[in-house]
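Remarks on the overall topology
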Amino acid sequence: QVQLVESGGGLVQAGGSLRLSCAASGSIFSINTMGWYRQAPGNQRELVARITSIDTTNYADSVKGRFTISRDNAKTTVYLQMNSLKPEDTAVYYCNVAGVIGPNRSFSSWGQGTQVTVSS
């Protein structure tokens, strides 16, 4: 069983910053990818940023240059630093972690979601 605990959402004015955190715990053998997704009302969930086990990163075009994904040294906590926030960044942000928990046993777990609201 893999648990993810997210924190760091909130209300911020346009141009402001927020930092999201997501800590993974449980019977994890290895982690392949850690990422952040978001879902605004009426929209599908979309990828915001993702980091792999070899620290390769990719970002949605809409956040490039403003958001930065990173991990702690233990590689069990992933962060999303969000700068120059815009009202269109308003959404529920979800953490996703995918990896292996045992021989031939992969997992993909989601956090509970954290609300980010950017006022104009």
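For the structure given in this document, a descriptive report is provided here. Bear in mind that the values here come from a model prediction, so they are computed numbers and not experimental data.

Counting its secondary structure elements, the protein contains zero helices and eleven strands. Scanning the protein from its N terminus toward the C terminus, one meets helices and strands in the order β-β-β-β-β-β-β-β-β-β-β. Relative to the globule expectation of 14 Å for 120 residues, the C-alpha radius of gyration of the protein, 14 Å, shows essentially globular dimensions. Considering only residue pairs separated by 6 or more positions, the protein has 54% of its internal contacts joining residues 24 or more positions apart.

So, on to the state of the cysteines. Per the stated rule, a full pass over the model turns up one disulfide. Across the disulfide from Cys-22 sits Cys-95; the S-S distance is 2.1 Å. The sign of the S-S torsion, about -80 degrees, decides the handedness of the disulfide formed by Cys-22 and Cys-95: left-handed. In this pair, Cys-22 sits in strand β3 (residues 18-26) while Cys-95 sits in strand β9 (residues 91-102), placing the two residues 73 residues apart along the sequence. Take Cys-22 and Cys-95: they sit in the same class, and that class is buried.

To continue, consider the pairing of strand β4 (residues 30-39). As defined by bridge partners, β4 adjoins β9 across nine bridges and the pair is classed as antiparallel. Within the sheet, the bridge partner assigned to Gln-39 lies in β9 and is Val-92. Bridge analysis of β4 against strand β5 (residues 46-52) gives six bridges, and the strand direction is antiparallel. From the neighbouring strand, Arg-38 faces β5, where its bridge partner is Glu-46. Linkage of β4 to β5, two consecutive antiparallel strands, is achieved through a turn of six residues, within which Gly-42 is found at a positive phi near 80 degrees.

Before going further, it helps to examine the environment of Leu-85. Note on placement: Leu-85 falls in the loop between β8 (77-82) and β9. A relative accessible area of 2% means that Leu-85 is categorised as buried. Sequence-wise, Leu-85 and Pro-41 are 44 residues apart; in three dimensions their C-alpha atoms are separated by 18 Å. Not counting residues up to four positions away in its chain, the partners in contact with Leu-85 are Val-12, Ala-14, Gly-15, Gly-16, Ser-17, Leu-18, Arg-66, Phe-67 and Val-118.

Bringing the sheet that holds β3 into the picture now. Strand order in this open sheet of four strands is β1-β3-β8-β7, and the pairing throughout is antiparallel. Bordering the open sheet on either side are β1 (2-7) and β7 (67-71), each of which pairs with just one other strand. Here the strands of the sheet are splayed against their neighbours by 15 degrees on average, with no regard to which way each runs. Alignment of β1 against β3, held across six bridges, turns out to be antiparallel.

A few words now on the environment of Asn-43. Along the polypeptide, Asn-43 turns up in the loop between β4 and β5. A relative accessible area of 46% means that Asn-43 is categorised as partly exposed. Along the primary structure Asn-43 and Ala-91 are separated by 48 residues, whereas in three dimensions their C-alpha atoms are 9.5 Å apart.

Thresholds applied
- Residues numbered from 1 in each chain as written.
- Predicted model: local features only at pLDDT ≥ 70, side-chain atom pairs only at ≥ 80, totals over all residues.
- Heavy atoms only, no water.
- Helix = DSSP H or I, 4+ residues; strand = E, 2+ residues; numbered from the N terminus.
- Rg over C-alpha atoms; globule rule 2.2 N^0.38 Å.
- Contact = heavy atoms within 4.5 Å.
- Disulfide = S-S within 2.5 Å.
- Buried < 20%, exposed > 50% of the residue type's maximum accessible area, 1.4 Å probe, protein only.
- Pairing = 2+ DSSP bridges.
- Axes fitted to C-alpha atoms, helices over the stretch in contact; angles between N-to-C directions.

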